[in-house]
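# Coordinates in review
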Amino acid sequence: MDERAALSLVGGLVSSAGDDAAVVDGTVVTIDMLHEATDFPGGTTRYTAGWRAVGASLSDVAAMGASASAAVAVYGAPDFDEDELTGFVDGASEVCERVDAEYVGGDLDGHDEFTVATAAIGDVDERIGRDGASPGERVVVTGTLGRSAAALRLFEAGEIERANDLFRFDPRVAAGRALGEHATAMMDSSDGLARSLHQLAEASDCGFEIEAGAVPVADELRGLADDPLDEAISFGEDFELVATVPADAVSGVEAACDVPVSVVGEVTESGVSMDGDELADRGWTH
């Protein structure tokens, strides 16, 4: 059973599962786990790891159109080094500060591999899930796609400082709140744009038609990848927001968001395609 099959199984057993986070009486709650072998390339500093791990959970809060309140983390490692722990907490605290949230600590545990589990909470008046998209609406994406793919190549090339810089991202909490005023469906792009679209299509019982030329490919990826567009839509781990909004709300969304918003396509009746060709369900797999 792969990750998606396991998630589907859990979704059938837990009625509130299925979106980026759960909403309980207006409180948004989410949890994530990251491992050194799969999520932190060689050269990733503990500062970046703390930022990225906590940022991933804050991104889930953003995808629900919620404000962020606080985050906690479980830090597991073979040994506890003062500089590494301090760096991790500094990174976790600073990414929280970026979204007006607070890092409030967590737990420590011995583990044979550096592993982090993070949880975040927030508040929302009205849940924005994955199941509300309708044909004729527009598909929008915040920021650019491909920063993490570029970072991985830089880690491999030994450009550690630049790679760490790209590997840290700003969770789109403010943009999520702005999008939440208009969005009919939304999620973050941690699994990649292509896979996100397939997940939204399944949840909303619809399709998507995307324009390749409209996809906001990160400048950092150009020159590092043979096919920047392909990696931008399939690599994942960028933690941008993918949302559907009514056509007449696009200008309002663009004006309200604190980051660039790109219209990349529209909602259709069925199928997921790009420039008329089927877009495969490919993306990040844990």
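Residues numbered from 1 in each chain as written. Predicted model: local features only at pLDDT ≥ 70, side-chain atom pairs only at ≥ 80, totals over all residues. Heavy atoms only, no water.

Turning our eyes to something else, we now look at the environment of Asp83. Structurally, Asp83 is set in helix α4 (residues 82–98). We classify Asp83 as exposed; its relative accessible area is 64%. (Helix = DSSP H or I, 4+ residues; strand = E, 2+ residues; numbered from the N terminus. Buried < 20%, exposed > 50% of the residue type's maximum accessible area, 1.4 Å probe, protein only.)

Between helix α5 (residues 147–156) and helix α6 (residues 160–167), the least distance of the axes is 8 Å, while the angle of their chain directions is 160 degrees. The pairing of α5 with α6 is recorded here as roughly antiparallel in orientation. Handedness of the α5/α6 crossing: left-handed. Across the interface between the two elements, Arg147, Ser148, Ala150, Ala151, Leu154 and Phe155 from α5 touch Ile160, Arg162, Ala163, Asn164, Asp165, Leu166 and Phe167 from α6. (Axes fitted to C-alpha atoms, helices over the stretch in contact; angles between N-to-C directions. Parallel < 35°, antiparallel > 145°, perpendicular 65-115°, else oblique. Left-handed = near helix turned anticlockwise from the far one by under 90°. Contact = heavy atoms within 4.5 Å.)

Mapped onto this numbering, the UniProt entry annotates "binding site: substrate" (unreviewed entry) at Asp39 and Glu237. These annotated residues cover 199 residues of sequence, and their C-alpha atoms lie no more than 9.2 Å from one another, placing them together at a single site. Summarising the element assignment, Asp39 is placed in helix α2 (residues 36–39). Its relative accessible area of 4% is what places Asp39 among the buried residues. By the element assignment, Glu237 lies in the loop between α9 (228–234) and β9 (241–245). (UniProt positions renumbered as here; feature names shortened; annotations may be inferred.)

Our next topic: the packing of aromatic side chains. Enumeration according to the criterion identifies seven aromatic pairs in this entry. Between Phe169 and Phe239, the aromatic rings sit 4.5 Å apart at their centres with planes inclined by 10 degrees, giving stacked as the arrangement. Within this pair, whereas Phe169 is found in the loop between α6 and α7 (173–180), its partner Phe239 is found in the loop between α9 and β9, the two being separated by 70 residues in sequence. Note on Phe169: relative accessible area 7%, which makes it buried. Geometry around Phe114 places Arg46 over its ring, the cationic atom sitting 3.6 Å from the centre. (Phe/Tyr/Trp six-rings, centres within 6.5 Å; stacked < 30°, edge-to-face > 60°. Lys NZ or Arg CZ within 6 Å of the ring centre and 35° of its normal.)

Okay, the UniProt feature "binding site: Mg(2+) 3" (unreviewed entry) in the protein next. If you check UniProt for "binding site: Mg(2+) 3" (unreviewed entry), the listed places come out as Asp20, Asp60 and Asp188 in our numbering. With the annotated positions falling across 169 residues, the maximum pairwise C-alpha distance of 7.5 Å places them together in a single cluster. Looking at Asp20, its side chain comes within polar contact range of the side chain of Arg130, at 3.1 Å. Structurally, Asp188 can be placed in strand β7 (residues 185–188). In contact with Asp188, other than residues within four places in its own chain, are Asp20, Ser59, Asp60, Ala63, Ser196, Phe239, Glu240 and Leu241. Only 2.9 Å separates the side chain of Asp188 from the side chain of Ser190, close enough to count as a polar contact. (Polar contact = N/O pair within 3.5 Å; in protein donor to acceptor, adjacent residues only side chain to side chain.)

Here the focus is the sheet that holds β9. If you walk across this open sheet you meet the seven strands as β7-β9-β6-β10-β8-β11-β12, and the pairing is mixed. Both edges of this open sheet fall to β7 and β12 (277–278), since each of them pairs with a single strand only. Note: strand β11 (residues 272–274) against β12, two bridges, orientation antiparallel. The residue bridging Met274 from the neighbouring strand is Asp277, located in β12. Against the sheet, α7 makes contact with β6 (138–142), β7 and β9, and its axis sits at roughly 10 degrees relative to β9, the strand it touches most. In the packing of helix α8 (residues 193–204) onto the sheet, the strands contacted are β6, β7, β8 (207–210), β9 and β11, and the crossing angle to β7 comes to about 145 degrees. (Pairing = 2+ DSSP bridges.)

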